[in-house]
Amino acid sequence: MSFLEKHQRNVDLTAFDGKIPVHYRYTLGLAGDKFFTAIKKDGKFVGTHCEECDVIYSPPSVYCERCFASLEDSWVELPSTGTVVAFTVVTEDDQGKELDCPQVIAAIQLDGADNTFVHRICDCCIEDLAIGAHVQAVFKPKKERKGTLDDIEYFEIAAE
Ligand SMILES: [Zn+2]
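This report concerns the structure included in the present document. (Residues numbered from 1 in each chain as written. Predicted model: local features only at pLDDT ≥ 70, side-chain atom pairs only at ≥ 80, totals over all residues.)

## A closer look at the overall build of the protein chain
Convention followed: Helix and strand assignments follow DSSP, with helices taken as H or I runs no shorter than four residues and strands as E runs no shorter than two, numbered in order from the N terminus. Neighbour counting defines burial: a residue surrounded by 20 or more other C-beta atoms within 10 Å of its own C-beta is buried, one with 12 or fewer is exposed, and intermediate counts give partly exposed, using backbone-placed C-beta atoms. Our contact criterion uses C-beta atoms placed from the backbone: two residues qualify when those atoms are within 7 Å.
Helix and strand counts for the protein chain come out as one helix and eight strands. Along its sequence from the N terminus, the protein chain presents helices and strands in the succession α-β-β-β-β-β-β-β-β. Expressed along its principal axes, the backbone C-alpha trace of the protein chain runs to roughly 50 × 35 × 35 Å. Counting across all 160 residues of the protein chain, residues that qualify as buried make up 18%. Counting contacts in the protein chain only where the partners sit at least 6 residues apart, residues at least 24 apart contribute 50% of the total.

As structure tokens, this is what we get:
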């Protein structure tokens, strides 16, 4: 199989296991810092609002992707609920080994936001999960939060 052909299964590829030491520092930026600080300290989501386009970004952006207006002073608070826009059930790891427990990964649009982000869905929710499902974030206990997306344990089907 040539490199340019579409690969249907990851086991068809030739792979070499090894390690490459890579050191990096990822900075959150202004918007990311405020987003993750709100999650860590308050267990809340924040976003930025472009009044011109009437668009809310969460995760936030310091500029509007549509009109390029600065949004540095346009912060809004959002609920911890949202809608599943897309999802997949992962049953194998990257080596093709079956996982002990399937994992559900979803694109979630917070209520009021116009963009999405990717996070885990509680595996106990697989049978009730569908596109359009209303979900809510389950945050880790405050003392365990570190200011990352992992401060959100997962999303689960929202209690209506
Ligand atoms: Zn705009």
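## Re unusual backbone geometry
The phi angle of most residues is negative, glycine excepted, and most peptide bonds adopt the trans form. Of note, the bond from Ser-58 into Pro-59 is cis; its omega dihedral lies within 30 degrees of zero at 10°. Position of Pro-59 among the secondary structure elements: in the loop between strand E2 (55–57) and strand E3 (75–78). A positive phi angle, close to 50°, is found at Asp-54, a residue other than glycine. Within the secondary structure layout, Asp-54 lies in the loop between strand E1 (45–50) and E2. Given 9 C-beta atoms within 10 Å, Asp-54 falls into the exposed group. Its identity as a non-glycine residue notwithstanding, Phe-68 has a phi of 65°, on the positive side.

## Details of the sheet that holds E1
We count it as follows: Criterion used throughout: strands pair if DSSP finds at least two bridges between them. Interaxial angle, 0 to 180 degrees, is taken between N-to-C directions of lines fitted to C-alpha atoms, where a helix line uses only the stretch in contact.
Strand order in this open sheet of three strands is E2-E1-E3, and the pairing throughout is antiparallel. With partners counted over all chains shown, the strands left at the sheet margins are E2 and E3, one partner each. On average, each strand axis in the sheet is inclined to that of its neighbour by 40°, with strand direction left out of account. With three bridges connecting them, E1 and E2 associate as antiparallel partners. Residue pairing across strands places Thr-48 opposite Tyr-57, the latter belonging to E2.

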